[in-house]
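Single-letter residue listing:
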Amino acid sequence: MLEIRGLTVSRGAGDILRNVDLQAHPGKLTVLLGPNGAGKTTLLDAVSGLVRHRAGNLLVNGTELSRVARVGRARMGIRHVEQGRSVFPELTVRENLAVAAPERSHRQVVELFPELAARMDVHAGLLSGGEQQMLVIARALLRTRSGRRRTEEPGVLLIDEMSMGLAPVIVARLLRTVRALTQLGMTLLLVEQFAHLVLPIADAAYVLDRGSVTFAGTPGQLQANPGLLHAAYLGGSETPPPATGGPGRDAR
Ligand SMILES: Nc1ncnc2c1ncn2[C@@H]1O[C@H](COP(=O)(O)OP(=O)(O)OP(=O)(O)O)[C@@H](O)[C@H]1O
């Protein structure tokens, strides 16, 4: 379980996150929504150790992370799919997976993304955007299950805007696998702008606005409240969110 208590992160002059509380449970999909600049990426970065927090507690299965360096957090099973799809374009899919985990079989992740099975010897740079995102998630999963981990628990997977630049139909495909990962007992914390696709399959939802949590509850509660849902996209005004598609995404 991931537990965040009173998290405050400062960068430059001001607080990017202020007194944020959030819980993400094993076997559950927790979604974090919020307008641009709300601090969603910063929150994931704080959990994986990319940025330091100024105050508050970050706990995974009761272990305080403050004194654990990034590599130690990864060994505890905390994996972070960062924004933007970074694959090695000149390497094949197989080689990209091998770089992530040379000693491990790729069978399990390829079962999760059968599309990759037929593309194992294709250069990653030639994959579609959706396939590249599958590869990025697959690599993170391989590392999550690394034999060098300190525990055998399924781990925490943080995914930041995996839908960036993808068509809704591809996002829905990726979300099916993300949902399936909860059945393996993983703790999933997902930053996502396609609220209409992710809320129906999520177990818990948070909205972050200007560094503070403005909603914590069930996806149903959020969906039933157009004002709150709108704030999850734009932060504060009265126009409803788009009924279909994400905000300003290009299909690919
Ligand atoms: N390295 C940095 N130094 C100073 N300020 C930063 C830094 N990185 C991000 N910020 C600021 O922190 C705030 C939160 O940024 P963050 O990327 O966490 O938001 P976000 O909710 O993920 O937004 P987006 O949806 O646009 O990715 C923004 O105002 C951003 O300008």
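The chain appears in an unreviewed UniProt entry as ABC transporter ATP-binding protein from Dactylosporangium maewongense. The Sequence similarities (unreviewed entry) field of the UniProt record for the chain holds the comment "Belongs to the ABC transporter superfamily."

Across its full length, the chain carries 10 helices and 10 strands. Out of the 252 residues in the chain, the part that is buried amounts to 51%. Looking at the chain alone, contacts between residues at least 24 apart form 69% of all its contacts between residues at least 6 apart.

Around the ligand lies a shell formed by Arg-11, Ile-16, Pro-35, Asn-36, Gly-37, Ala-38, Gly-39, Lys-40, Thr-41, Thr-42, Gln-83 and Glu-161. Here Lys-40 contributes a side-chain N or O atom positioned 2.8 Å from an oxygen atom of the ligand. Between the ligand and Thr-41 there is a distance of 2.8 Å, counted from an oxygen atom to a side-chain nitrogen or oxygen. Top element by residues in the shell around the ligand is helix α1 (residues 40-48). It accounts for 3 residues. Residue composition of the shell around the ligand, grouped by class: 3 nonpolar, 6 polar and 3 charged.

Below, the discussion takes up the nonpolar core. Judged by nonpolar contacts, the single largest core of 49 residues is most densely connected at Leu-157 and Ile-159. Among the elements that line this core, the one with the most residues is helix α6 (residues 129-144), at 8 residues. Non-local contacts of Ile-159, meaning those with residues more than four positions away in its chain, are made with Leu-44, Val-81, Ile-137, Val-178, Leu-188, Leu-189, Leu-190 and Val-191. By size, the runner-up hydrophobic cluster in this structure holds 27 residues, among which are Val-68, Met-76, Leu-158 and Tyr-206.

Let's shift gears to helix α3 (residues 93-100). Turning to α3, its buried residues number three or more, namely Val-93, Asn-96, Leu-97 and Ala-100. Taken down its axis, α3 places every buried residue within 95° of arc, on the same side.

Our next topic: the sheet that holds strand β7 (residues 156-160). Spatially, the 6 strands line up as an open sheet ordered β6-β7-β8-β3-β9-β10, and their pairing is mixed. A strand with exactly one partner marks an edge of an open sheet, and here the two such strands are β6 (78-81) and β10 (212-217). Across this sheet, the average inter-strand angle for adjacent strands is 15°, counted without regard to direction. In the sheet, strand β3 (residues 29-33) pairs with strand β9 (residues 204-209) via 4 bridges, with the strands oriented parallel.

What follows deals with the sheet that holds strand β4 (residues 55-60). Read across the open sheet, the 4 strands follow the order β2-β1-β4-β5; overall the sheet is antiparallel. In this open sheet, the two strands that pair with only one neighbour each are β2 (14-24) and β5 (63-64). Here strand β1 (residues 2-11) runs beside β4; their pairing, made up of 5 bridges, is antiparallel. Paired with Glu-3 across the two strands is Leu-59, which belongs to β4. In this fold α1 packs onto β1, β2 and β4, with an angle of close to 110° to the strand it touches most, β1.

What counts as what
- Residues numbered from 1 in each chain as written.
- Predicted model: local features only at pLDDT ≥ 70, side-chain atom pairs only at ≥ 80, totals over all residues.
- Heavy atoms only, no water.
- UniProt positions renumbered as here; feature names shortened; annotations may be inferred.
- Helix = DSSP H or I, 4+ residues; strand = E, 2+ residues; numbered from the N terminus.
- Buried < 20%, exposed > 50% of the residue type's maximum accessible area, 1.4 Å probe, protein only.
- Contact = heavy atoms within 4.5 Å.
- Near = heavy atom within 4 Å.
- Polar contact = N/O pair within 3.5 Å; in protein donor to acceptor, adjacent residues only side chain to side chain.
- Nonpolar A, V, L, I, M, F, W, Y, C, P; charged D, E, K, R; others polar.
- Core = buried A, V, L, I, M, F, W, Y, C linked by side-chain atoms within 4.5 Å.
- Arc of directions from axis to C-beta.
- Pairing = 2+ DSSP bridges.
- Axes fitted to C-alpha atoms, helices over the stretch in contact; angles between N-to-C directions.

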